[in-house]
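A look at the structure
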Amino acid sequence: MIQPRTLRGFRDFTPNLMIPRERLIDTAKRVYRSFGFSPIDTPALEYTEILLGKGGDETDKQMYRFEDQGGRDVGMRFDLTIPFARFAAQHIGQLGTPFKRYHVGNVWRGEKAQRGRYREFIQCDFDTIGTTSRTSDVETGLVIYELFRALGFERFTIRINDRRLLSGVLDHLGLVERQTDVLRVLDKLGKVGPQKVTEELRDAVGLSEVQAADVLRFAGLSGSPAEILGEARELVGDSEIGAAGLEALAALFESVAAAGADVSRFALDPSIARGLDYYTGVIFETFLDDLPEIGSCCSGGRYDDLASLYTKEKLPGVGASLGVDRLLAAMEELKMIEETAAPCPVFLPLFEKGRDGDYLALAQELRAAGIGVEVYPEPKKLGAQLKYADRRGFPLALVVGSSEFSAGTVQVKDLKTGEKEDVARADLVSHLRQRI
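Residues numbered from 1 in each chain as written. Predicted model: local features only at pLDDT ≥ 70, side-chain atom pairs only at ≥ 80, totals over all residues. Heavy atoms only, no water.

Our next topic: the packing of helix α6 (residues 163-173) against helix α7 (residues 179-186). Packing of α6 against α7 brings their axes to within 11 Å, and their N-to-C directions diverge by 120°. Accordingly, the angle class assigned to the pair α6 and α7 is oblique. In the packing of α6 onto α7, the handedness of the crossing is right-handed. Listed contacts from α7 to Arg163, Leu166, Ser167 and Leu170 of α6 are Gln179, Val182, Leu183 and Leu186. For the contact of α6 with α7, the per-class residue count stands at five nonpolar, two polar and one charged. (Axes fitted to C-alpha atoms, helices over the stretch in contact; angles between N-to-C directions. Helix = DSSP H or I, 4+ residues; strand = E, 2+ residues; numbered from the N terminus. Parallel < 35°, antiparallel > 145°, perpendicular 65-115°, else oblique. Left-handed = near helix turned anticlockwise from the far one by under 90°. Contact = heavy atoms within 4.5 Å. Nonpolar A, V, L, I, M, F, W, Y, C, P; charged D, E, K, R; others polar.)

Structure, rendered in structure tokens:
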């Protein structure tokens, strides 16, 4: 016999995990739509030239790449942003600008598996393309803010930076040509610490001790946004790109406050760099205050040049991606997920032989009123059926035997407390709506 097993770095989802996963995604879709984002989808496979070199050397190494039956060099998408840039370049004439989209789909990266990180995972993206408006940058932060609140988080921090600030520091130090390498090393700061980052900046990238110290000093700035921007102004010197980053960040934090969001949930953090090569401006990373070690659960930023790889039309964009599986792992650990394998709230045991049609008619009546019901398929003993329902996590069971059918009543049983209540059939829908 073939041994049933999953590949390392991949994961099966049983109903007790898949149900909260779908609820999380449904919540994200609702928030995205409330801001005017429309759904799209793209293929899992792209021509390799579409994907290669867009996320950096490390991402290129992690890409699942092969030759298909037609001899085409193809790769599995490793994020949803690059396929969206290709999509926009291909369809923007029909869609018009600005275009706001959200996209929920699987992506693949052959990276080292670890807690909350898998080689196949779902991303849940939203982006605005076709505008350089700062309003879109601010709105990106507000979408993340509303998303985490809608998911039930009270303690989270949206860390914000701007690529142009670090570009300004490097410009001031005469290191603009090494920006990509510096960004990749700096993105490891939270994982390996300042000493190893300093060593890599010096030994692998070629920075002097003074230059590496200034980069680390910039990344280590802390305090209020105003305090950090004041100190960063000295480090960017007379760099024009650095000044643009300073101005954009100051305006962003002012706008977030003006929009009425809780400003304590937003922090300016010069240490975040976002390792992907295509970011050009503001960047976001979202951490859970009660579980920061799991890493950023929603990240993104502005990418003004990515679509130019596929079209001559200028299509600047900004957006973010919700790491669904990482966030789900965090919610499991924080006990935010109710263990249930029940896809609907009501269980209807079938135990009176010859009355299958009556049970099915009752279930259809409730479904027509918007109440989900699972009917047990076999007339087993009532106790065995209720045990099945309790194990699956159904909150309510409807017990209807011959006496209830004759009296026109239904016994509503709370499977958590064991409490029972007889309800008239005519009042059942309103009663269940109050209970669910």
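A cis amide bond links Thr97 to the next residue, Pro98, at an omega of -5°. In this structure, Pro98 sits in the loop between α4 (81-95) and β5 (99-108). Despite not being glycine, Lys335 shows a phi value in the positive range, around 60°. Residue placement: Lys335 occurs in the loop between α13 (324-333) and β12 (346-348).

Bringing the packing of aromatic side chains into the picture now. Scanning all chains against the criterion turns up 17 aromatic pairs. With centroids separated by 5.8 Å and ring planes inclined at 50°, the aromatic side chains of Tyr32 and Tyr102 adopt a geometry described as tilted. Taken together, the residues Tyr32 in helix α1 (residues 15-34) and Tyr102 in strand β5 connect sequence positions 70 residues apart. Residues Tyr32 and Tyr102 agree in their burial class; the two are buried. Taking the centre distance of 5.3 Å and the plane angle of 75° together, the rings of Tyr359 and Phe405 count as edge-to-face. With Tyr359 in helix α14 (residues 356-368) and Phe405 in helix α16 (residues 402-407), this residue pair connects regions lying 46 residues apart in the sequence. Members of the aromatic cluster, each reached through a chain of ring pairs, are Tyr145, Phe148, Phe153, Phe156 and Phe266. The ring of Phe84 has Arg101 lying over it, and the distance from NZ or CZ to the ring centre is 4.2 Å. The cationic tip of Arg355 hangs over the ring face of Phe405; the distance from NZ or CZ to the ring centre is 4.0 Å. (Phe/Tyr/Trp six-rings, centres within 6.5 Å; stacked < 30°, edge-to-face > 60°. Buried < 20%, exposed > 50% of the residue type's maximum accessible area, 1.4 Å probe, protein only. Lys NZ or Arg CZ within 6 Å of the ring centre and 35° of its normal.)

Now for the side chain of Asp304. Within the fold, Asp304 resides in the loop between β10 (298-303) and β11 (317-323). For Asp304, the contacting residues outside a window of four places in its chain are Thr132, Thr280, Lys314, Leu315, Pro316 and Gly317.

The next thing to look at is the pattern of salt bridges. As a working rule, side chains carrying opposite charge can pair if their charged atoms are close by. As enumerated under the stated definition, the model contains 28 salt bridges in all. With a shortest N-O distance of 3.0 Å, Lys100 and Glu139 are connected by a salt bridge. Of this pair, Lys100 sits in strand β5 while Glu139 sits in helix α5 (residues 134-150), placing them 39 residues apart in sequence. Close ionic contact of Arg155 with Asp290 constitutes a salt bridge, the shortest N to O distance being 2.8 Å. Note that Arg155 is positioned in the loop between α5 and β7 (156-162) and Asp290 in the loop between β9 (282-288) and β10, a separation of 135 residues in sequence. Classification of Asp290 by relative accessible area gives partly exposed; the value is 45%. (Salt bridge = Lys/Arg side-chain N within 4 Å of Asp/Glu carboxyl O.)

Moving on: the pairing of β10. Within β10, six of the six residues are buried, leaving the element largely enclosed by the surrounding structure. Bridge analysis of β10 against β11 gives six bridges, and the strand direction is antiparallel. Within β11, the residue paired with Tyr303 across the bridge is Gly317. (Pairing = 2+ DSSP bridges.)

To continue, consider the pairing of β7. In terms of burial, β7 is largely enclosed, as six of its seven residues are buried. Pairing of β7 with β9 involves seven bridges; the strand directions are antiparallel. Its bridge partner being in β9, Arg159 is matched across the sheet by Glu285. Here β7 pairs with strand β8 (residues 266-268) via three bridges, running parallel. Of the residues in β8, the one forming a bridge with Arg159 is Ala267.

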